[in-house]
Amino acid sequence: MPKFSRSAVFSILLILAVTFTMRMTTNMLMTSIPVLAKFTLLASTFLTALPVVMYAVTGLLANLFLNGRIRASRIAVSIAASLFVMALSLPLFYLAQNIWEVAAIAAVDGLSMGIVPPLLLTMISLAYEDIRDNVLGFYTSALSISLIAGTFMQGFLLSSISVSVRDLFLYFFPVPLISALLMLILAAKIKIDDGSQRRNISTSTIIRTIPRLFRNRGFNFGFYGNLTYSFPFVIIMTYGSLIAKYYSGLSPAMFFYALTSFFFVSMITRLSMSFHPPENRYRLMFVSLAFTIVGFVALTLSRNPYEFVISMILLGFPHGSIYPIATMSVSSSVQKSEISIAFATFNIIFNILNLALPAAFGYIAQIATIRIAMLVMIAPMAYISYESIR
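Because the structure is predicted, anything quoted here is derived from the model rather than measured.

1. A short note on helix 3 (residues 50-65)
Between its first and last C-alpha atoms helix 3 spans 23 Å; for 16 residues at 1.5 Å apiece the expected length is 22 Å, and the two agree. Among the residues making up helix 3, those that are buried are Pro51, Val52, Val53, Tyr55, Ala56, Thr58, Gly59, Leu60, Ala62, Asn63 and Leu64.

Structure, rendered in C-alpha cells:
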C-alpha cells in the first residue's frame, strides 16, 4: 500500500465525497423515475423506459460532442456545472405531470451528467498516475457505498416515513448541490499534469480513435467485461421494481431494501480491491463473469422475496469487481493522450446500451412477458462474456 501525502489525501477525499453524492443522486433518478412513471403516472411498460432512453441519448451526444472539448484545467469546473444542472432538475421531476415531461427532464440530465463519470476517471488517471489503481479502487468503492446509502434512504423514506415517490426528488435536492460545491473546492486544489497532451479533441478525432482502441487487448478485456455486466445492471435499474413486484411480491419500497443487499456486496468487494488491487485480473474477471450469468439466471427464475434477494447478492459480487478491473485495465494499457477518449468510449457504448436495451426489453415484455424478455437477454450476455475472456 503506497503512502499518500497530506494534500493528496485531502484532494482524494474530496473526489470520493463528490463521487458519493453524485452517484447517490443519479442512482436515485434511474431507480425512482421508472417507479414514478409506472406506478404514479401510470405509463405502459414500454413507455416506462422512455426517460431512461432519453437520458442515454443525450448522454451519448454529450460524450461525442462535449467531452473532448473540455481541457484538463477545466475538468473540475465542468463537473461542478453539470452537478448544479442536475440539482436544479430534481424539483422539475416533482412537478412533472406526465411521462413526456419526465422524459424531457431526463434528457437534460443526460446531457449534463453524461460527461461526469469519464471526466472523473480522466481526472484520477492524470492526477494520480503513481497511485492510480488504489485511487480507482477507492473511487469505485465510493460508488458502491453511495448506492447503499441512496437505495436505503429511498426505501426508508418510502416505507417508514411514507413519503411518496414524487416527494423523493425534493428530499434528494440538497445532495447534488453539496456535490457541486465540493467539486468547486476541489477545482481550486487539484492540479492536473497531462503533459500538454489533452488538447481540444474534436468529435471526428474521437470517432477515429475508437477503432484503434479496439485493437488494444487491455482495452478490449475491460470493455467487453464491463459491457457484459451492463446487461443485468441496466435491466435491474430500469425494470427491477417491476420484476420484484410481479414475480416476487415485493413492493417498490421493499425493492429498494433488496437492492441495498446488492450494493452492500458490491461495496465489500470494491473495498477489498482498493487496498489489494488484483494481481491476476484475468482470473478475477472470469469468476466475475460466471457470477454474472448465474446471478442473472437466478433473478430470471426467482419466484419469492428470498430468491430475489439471493439473486441480488450473487449479482452484487460482479458489480463490485468488474468495473474496477475494467478501469484498471484501461488506465494501464491506453496512452495518456487517449485516456479521456477511452473512458468516453466506455460511456458512449454504455449510453447506446441504455438507449437500446430498455426499449428492446420493454418491447419483448410488452408482447410476451418480462420473464421471457429476461431469458432472451442471456444469450448476448454469454457471447460478450466470451469476447472478454477470449
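2. Concerning the side chain of serine 266
Following the sequence through the fold, serine 266 ends up in helix 12 (residues 252-275). On the basis of relative accessibility, which here comes to 0%, the residue serine 266 falls in the buried class. For serine 266, the contacting residues outside a window of four places in its chain are Ser144, Gly316, His319 and Gly320.

3. What about the packing of helix 10 (residues 203-213) against helix 15 (residues 339-367)?
Where helix 10 meets helix 15, the closest approach of the two axes is 10 Å, and the angle between their N-to-C directions is 90 degrees. It follows from the interaxial angle that helix 10 and helix 15 lie roughly perpendicular. Between helix 10 and helix 15, the residues in contact are Ile206, Thr209, Ile210 and Leu213 and Ile341, Ala342, Thr345 and Ile348, respectively. Classifying every residue of the contact of helix 10 with helix 15 gives six nonpolar, two polar and no charged.

4. Observations concerning the environment of alanine 103
Examined against the element boundaries, alanine 103 turns out to sit in helix 5 (residues 99-113). Here the alpha-carbon distance between alanine 103 and proline 34, two residues 69 residues apart in the chain, equals 11 Å. If we ignore the near neighbours within four places in the chain, the residues touching alanine 103 are Leu50, Pro51 and Met54.

5. Comments concerning the environment of arginine 132
With respect to the element layout, arginine 132 can be found in helix 7 (residues 132-159). A sequence separation of 253 residues divides arginine 132 from serine 385, and the C-alpha atoms of the two residues are 26 Å apart. In this view, arginine 132 contacts Ser125, Ser331 and Ser332; residues no more than four positions away in its chain are not counted.

Cut-offs used in this document
Residues numbered from 1 in each chain as written. Predicted model: local features only at pLDDT ≥ 70, side-chain atom pairs only at ≥ 80, totals over all residues. Heavy atoms only, no water. Helix = DSSP H or I, 4+ residues; strand = E, 2+ residues; numbered from the N terminus. Expected span 1.5 Å × (residues − 1). Buried < 20%, exposed > 50% of the residue type's maximum accessible area, 1.4 Å probe, protein only. Contact = heavy atoms within 4.5 Å. Axes fitted to C-alpha atoms, helices over the stretch in contact; angles between N-to-C directions. Parallel < 35°, antiparallel > 145°, perpendicular 65-115°, else oblique. Nonpolar A, V, L, I, M, F, W, Y, C, P; charged D, E, K, R; others polar.

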